[in-house]
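Letter by letter, the chains look like this.
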Amino acid sequence: MITKEAVIEALSQVQEPDLGKDLVTLNMVKDIAIDGKKVSFTVVLTTPACPLKDMIEKACVNAIRLLVDKEAVVTVNMTANVTNNRKDNKAMLPGVRNIIVVGSGKGGVGKSTVSVNLAIALAQQGAKVGLLDADIHGPSIPMMMGMRDERPQMTEVDGKGMIVPLERYGIKAMSIGLLIDEKQAVIWRGPQASSALKQFITDVYWQELDYLVIDLPPGTGDIHLTLVQTVPVTGAVIVSTPQAVASADAKKAIMMFKQPQINVPILGIVENMAYFTPQELPENKYYIFGQGGAKKMADQFELPFLGEVPIVQSIREGGDQGIPAVVNDDHLAKEAFVNIAGKVAQNVAIRNANLDPTKVVEMMN
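These notes cover the structure that comes with them.

This part covers the overall build of the chain. In terms of helices and strands, the chain carries 10 helices and 15 strands. Here the chain has a C-alpha radius of gyration of 22 Å; the compact-globule value for 365 residues is 21 Å, and the two agree. Each principal axis of the C-alpha atoms in the chain carries an extent, and together these give about 75 × 55 × 40 Å. Put simply, the chain has 365 residues, and 52% of those count as buried.

Pairing of strand β3 (residues 29–35) with strand β4 (residues 38–45) involves 5 bridges; the strand directions are antiparallel. By the bridge assignment, Ile-34 is partnered in β4 with Val-39. Here β3 folds back onto β4, and the loop between the two strands holds 2 residues, one of which, Gly-36, carries a positive phi near 65 degrees.

Tracing the backbone through its elements, the reader meets Asn-117 in helix α3 (residues 111–124). A polar contact is formed between the side chain of Asn-117 and the backbone oxygen of Thr-113, at a distance of 2.8 Å. Within polar-contact distance, the side chain of Asn-117 engages the backbone nitrogen of Ala-325 at 3.2 Å.

In this section: the packing of aromatic side chains. Tallied over the full model, the rule gives 2 aromatic pairs. Sitting over the face of the ring of Tyr-275, Lys-285 holds its NZ or CZ atom 4.7 Å from the ring centroid.

Attention now goes to a nonpolar patch on the surface. Taken together, the side chains of Phe-276, Leu-281, Tyr-286, Ile-288 and Phe-289 define a hydrophobic patch exposed on the protein surface, amounting to about 440 Å² of accessible area. Its location among the elements puts Tyr-286 in the loop between β14 (266–271) and α8 (293–301).

Moving on: the sheet that holds β4. Strands sit in the order β3-β4-β5 across an open sheet of 3 strands; the sheet is mixed. Two strands bound the open sheet, and with one partner strand each, they are β3 and β5 (73–80). Going across the sheet, the axis of each strand differs from the next one's by a mean of 15 degrees, ignoring polarity. Sitting on the sheet, helix α1 (residues 4–11) touches β3 and β4, and the angle it makes with β3 is about 135 degrees. Across the sheet, helix α2 (residues 53–67) touches β4 and β5, and the angle it forms with β5 is around 150 degrees.

Right, let's get into the packing of α1 against α2. One can describe the packing of α1 onto α2 by two numbers: an axis separation of 9 Å at closest approach and a directional angle of 125 degrees. Taken as axis vectors, α1 and α2 run oblique relative to one another. Our pair here, α1 against α2, has a crossing hand that is right-handed. Residue-level inspection shows Val-7, Ala-10 and Leu-11 of α1 in contact with α2, the latter providing Cys-60, Ala-63, Ile-64 and Leu-67. For the contact of α1 with α2, a count of residues per class yields 7 nonpolar, no polar and no charged.

Quick look at the state of the cysteines now. Under the definition given, this model contains 0 disulfides. Cys-60 supplies the cysteine sulfur nearest to Cys-50, a cysteine that is in no disulfide, at a spacing of 11 Å. Looking at Cys-50, the relative accessible area reads 8%, which means it is buried. Overall, Cys-60 belongs to the buried group, its relative accessible area being 0%.

Two orientations exist for strands paired in a sheet by backbone hydrogen bonds: parallel and antiparallel. Pairing is mixed in the open sheet, where 8 strands are placed in the order β10-β11-β7-β12-β6-β13-β14-β15. Across the chains shown, the open sheet's two edge strands, defined by having one partner strand only, are β10 (166–168) and β15 (305–308). This sheet shows a mean twist of 25 degrees between the axes of neighbouring strands, independent of strand direction. In this sheet, β14 lies alongside strand β13 (residues 235–240) in parallel orientation, the contact comprising 5 bridges. Within the sheet, the bridge partner assigned to Ser-240 lies in β14 and is Glu-271.

Among the secondary structure elements, His-224 is positioned in helix α6 (residues 222–230). Within polar-contact distance, the side chain of His-224 engages the backbone oxygen of Pro-217 at 3.1 Å.

All chains considered together, the criterion is met by 11 salt bridges. A salt bridge links Asp-203 to Lys-160; its shortest N-O distance comes to 3.0 Å. With Asp-203 in helix α5 (residues 190–203) and Lys-160 in strand β9 (residues 160–164), this residue pair connects regions lying 43 residues apart in the sequence. We classify Asp-203 as buried; its relative accessible area is 16%.

How each quantity is defined
- Residues numbered from 1 in each chain as written.
- Predicted model: local features only at pLDDT ≥ 70, side-chain atom pairs only at ≥ 80, totals over all residues.
- Heavy atoms only, no water.
- Helix = DSSP H or I, 4+ residues; strand = E, 2+ residues; numbered from the N terminus.
- Rg over C-alpha atoms; globule rule 2.2 N^0.38 Å.
- Buried < 20%, exposed > 50% of the residue type's maximum accessible area, 1.4 Å probe, protein only.
- Pairing = 2+ DSSP bridges.
- Polar contact = N/O pair within 3.5 Å; in protein donor to acceptor, adjacent residues only side chain to side chain.
- Phe/Tyr/Trp six-rings, centres within 6.5 Å; stacked < 30°, edge-to-face > 60°.
- Lys NZ or Arg CZ within 6 Å of the ring centre and 35° of its normal.
- Patch = residues over 30% accessible without salt bridge, like charges linked within 9 Å, V, L, I, M, F, W, Y side chains within 5 Å.
- Areas by Shrake-Rupley, 256 points an atom, 1.4 Å probe, with all protein chains shown as cover.
- Salt bridge = Lys/Arg side-chain N within 4 Å of Asp/Glu carboxyl O.
- Axes fitted to C-alpha atoms, helices over the stretch in contact; angles between N-to-C directions.
- Contact = heavy atoms within 4.5 Å.
- Parallel < 35°, antiparallel > 145°, perpendicular 65-115°, else oblique.
- Left-handed = near helix turned anticlockwise from the far one by under 90°.
- Nonpolar A, V, L, I, M, F, W, Y, C, P; charged D, E, K, R; others polar.
- Disulfide = S-S within 2.5 Å.

Below is the structure:
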């Protein structure tokens, strides 16, 4: 007879590779059912985008057959409950579990491209995702998401007027570019831009989200400081290109987040425009900007390297047409963005398990 106790004992030998503890201790095993030789149970992962999902499932099946009954017919149902380590008062974005900022030290490295495709890839794997364009002066999310001619609606929540974010490709999105004429320049001083960002955070009806991806403006300025002082940021993704000048500027972004008074964990580094691949020769790689600059930087700072994104003409075309690369199954860059999303989700779960709770940064003026 297969017993529930034997199943639990066997699964207590299966480690969650990222968190370094077994599934039973982590309370990840639910709904064990036994019918003769048939054994079924649910494993609750820390994120639907878990890149180790297949490995964990295989380890569970092997444990039951090796330690309980070699003839057992094992069914593992995989589900997910995205982890959350917020310990602030949740006055801001109360329904958002994790806030991921995407930054770089300079413009033109493809930060918005990474933000859009990261957000959509996380949603494709089952997460509830929002995308906030915090680049007040140069918003590009409306064009890249195919929303240029759309305007958000208003709704009333507890007697307060709230902006309803637009929905496209399975995610919710908001940008200053959705509220103004795109021919208009946003000429605001730093405090005005910071005030507008705060309004996006407080006046947009995001509801429940597993991840809110925030596309930061270039550099290390007012908007960045306003953000970390307004909401608890789970972690930052840094985007660079292989050139030395881009790496030097990306290092400044890393050092900003690592400042003791800010102390936002770095979830990893993405190398965008890593190599050129012609659409008609997908096996060819031409490292026209040099090779491995972002990888070396990740090693130098002992940070996770999240992956390389190639230069493919269709990434630019898709961005201009409002069709991100990750929504096209035949796109050469789709696999890169999906893998990056999996690693980001993985590193969020590791961060939530091992580091101090996320909280709003309190800085002396």
